[in-house]
Amino acid sequence: MAFGQPKIEYKSNDQILTMRKAGLVLAEALDAAVAAAQAGTTTAELDRVFEAVLDKHGATSNFKGYYGFPATICASVNDQVVHGFPSDYVLADGDVLKIDGGAIIEGWHADSARTVIVGTAAPEDQRLSDITEEAMWRGIAALANARFVGEIGEAIDDFVSSRDGAPLGILEDYVGHGIGTEMHQAPDVLNYRSGHRGPRVKPGMCLAIEPMLVRGGIETRVLDDDWTVVTTDGSRASQWEHTVAVHLGGIWVLTAHDGGAAGLAPFGITPSPLQG
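Residues numbered from 1 in each chain as written. Predicted model: local features only at pLDDT ≥ 70, side-chain atom pairs only at ≥ 80, totals over all residues. Heavy atoms only, no water.

Draft legend 1. Focus on unusual backbone geometry. Look at the link from Ala-186 to Pro-187: it is a cis peptide, with omega at 5 degrees. If you trace the backbone, Pro-187 turns up in strand S7 (residues 185-189). Positive phi outside glycine occurs at Asn-78, with the angle close to 60 degrees. Turning to its location among the elements, Asn-78 is positioned in the loop between strand S1 (73-77) and strand S2 (80-82). Backbone geometry at His-83 places phi at a positive 70 degrees, although glycine is not the residue there. Secondary-structure assignment places His-83 in the loop between S2 and strand S3 (96-105). (Helix = DSSP H or I, 4+ residues; strand = E, 2+ residues; numbered from the N terminus.)

What follows is the structure, encoded as structure tokens:
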């Protein structure tokens, strides 16, 4: 601790390269789980699909066993925002499913989440997911030129609040985070304007950027399982997340197959992969 603030862990290029290995395994595992997310499938089956990919690559889950969490993914449906348990719940047409997972390679972590709409999407649910995904990329793009971590949340907030149509809420109780030798580290990465600029962005910083948006109010509660977070008003939610590294050459999205090239292209930013 320094001046009462948690210490930020800065990574070497070699350590970032190991996190990239974890990120690529995670991207493949999420691909498999997303592909399996069909009507009639249980969320427990998605967990098994995800875990099989980790096992194939010799990776371990940073979710399973975390403070007693029972699975390798969080599977949160409809008004469940985050931290939902995979279960015998059978996915139905139109469900809004958030799949959040992680992987560890050689002690280094990656964390990523996607929203999947099962079958036929209601237009307002598709809009929710699309805006949340773009908000994530806006936050990542802001990081490329940011002086302070707080600029990520400012970019996300400005984008979400400027959208035409029904306003969407940005959750404030659940935010992004640093990541490295642990899944959750300093600093917090807010998804909204707070008036605090946060720590200075420096090479070696790795962040999980994960906006969570809702179609209604931002108030939430935790279910009796002590994990699953739901919206108080029952409105549907979306979550998108990537792990991003900052290094001397730029930024690199460690959990995207292309390093973030497609997601960052609309903002004129090219990711900078490190060479192993």
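Draft legend 2. A look at the packing of helix H1 (residues 13-36) against helix H2 (residues 43-56). Here H1 crosses H2 at 150 degrees, and the two axes come no closer than 8 Å. The orientation of H1 with respect to H2, classified from their angle, is roughly antiparallel. The two elements H1 and H2 cross, and the hand of that crossing is right-handed. Residues Val-25, Leu-26, Glu-28, Ala-29, Leu-30, Ala-32, Ala-33 and Ala-36 of H1 pack against Leu-46, Val-49, Phe-50, Val-53, Leu-54 and Lys-56 of H2. Partitioned by chemical class, the residues of the contact of H1 with H2 number twelve nonpolar, no polar and two charged. (Axes fitted to C-alpha atoms, helices over the stretch in contact; angles between N-to-C directions. Parallel < 35°, antiparallel > 145°, perpendicular 65-115°, else oblique. Left-handed = near helix turned anticlockwise from the far one by under 90°. Contact = heavy atoms within 4.5 Å. Nonpolar A, V, L, I, M, F, W, Y, C, P; charged D, E, K, R; others polar.)

Read these as spatial facts, not as claims about activity.
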